[in-house]
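# Notes for the structure review
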Amino acid sequence: MPTILLIEDNEMNRDMLSRRLERRGLTILIAVDGAEGLSKAKEHQPDLILMDLSLPVMDGWEATRQLKNTPETYQIPIIALTAHAMPADEQRARQAGCDDFDTKPVEFTRLLEKITVLLASRNVVFPT
Ligand code: MN
């Protein structure tokens, strides 16, 4: 069962997204700020990370930079999620090391497609 770490400080977004992903057969781990995201990624080695960028304690850009600079976590694909949809925001997220980028509010089918592609790149079979 693929495991996804969802790092999101907004409770409503977190609950909605985790429920929808669980319904698709994914195991969801939750972190509510960037620092907790880092420690849970190291501890649980998820197959993929969904990273909100505006986070308390440590923002998503910094958390991504640290994950991509850590031997135990650099290989975990990260999809940035943000309400900031300007091209510069996507560029900034990719420069921090995010593998993909999507905008909020989440369009679930599109996000699921991106998750499937990145999981496949790690040879994790998405359950159908
Ligand atoms: Mn946020």
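In what follows, the accompanying structure is described. On a predicted model such as this, the values are computed, not experimentally measured, just so you know.

## Concerning the environment of Phe-101
Along the polypeptide, Phe-101 turns up in strand β5 (residues 100-103). Phe-101 sits in the buried class, given a relative accessible area of 6%. Put simply, Phe-101 and Ile-78 are 23 residues apart on the chain and 8.4 Å apart in space, counted from C-alpha to C-alpha. Sequence-distant contacts of Phe-101, defined by excluding residues within four places in its chain, comprise Leu-53, Ile-79, Ala-80, Thr-82, His-84, Asp-89, Glu-90, Ala-93, Arg-94 and Lys-114.

## Description of the pattern of salt bridges
All chains considered together, the criterion is met by eleven salt bridges. In this structure, Arg-65 and Glu-62 form a salt bridge, with 3.2 Å as the shortest nitrogen-oxygen distance. You can see Arg-65 and its partner Glu-62 sitting in helix α3 (residues 60-68), three residues apart, about one turn around the helix. Residue classification places Arg-65 among the partly exposed residues on the basis of a relative accessible area of 36%. For Glu-62, a relative accessible area of 28% translates into the label partly exposed. Connected via shared salt-bridge partners are Asp-102, Glu-107, Arg-110 and Lys-114.

## Here we look at the coordination of the manganese ion
The protein atoms donating to the manganese ion are Asp-9 (OD), Asp-52 (OD) and Ser-54 (O), with metal-donor distances spanning 2.1 to 2.2 Å. In the primary structure, the donors to the manganese ion are separated according to the pattern D-x42-D-x1-S. When its relative accessible area of 3% is taken as the criterion, Asp-52 is described as buried.

What counts and how
- Residues numbered from 1 in each chain as written.
- Predicted model: local features only at pLDDT ≥ 70, side-chain atom pairs only at ≥ 80, totals over all residues.
- Heavy atoms only, no water.
- Helix = DSSP H or I, 4+ residues; strand = E, 2+ residues; numbered from the N terminus.
- Buried < 20%, exposed > 50% of the residue type's maximum accessible area, 1.4 Å probe, protein only.
- Contact = heavy atoms within 4.5 Å.
- Salt bridge = Lys/Arg side-chain N within 4 Å of Asp/Glu carboxyl O.
- Donors = N, O, S within 2.8 Å, 3.2 Å for Na, K, Ca; no water.

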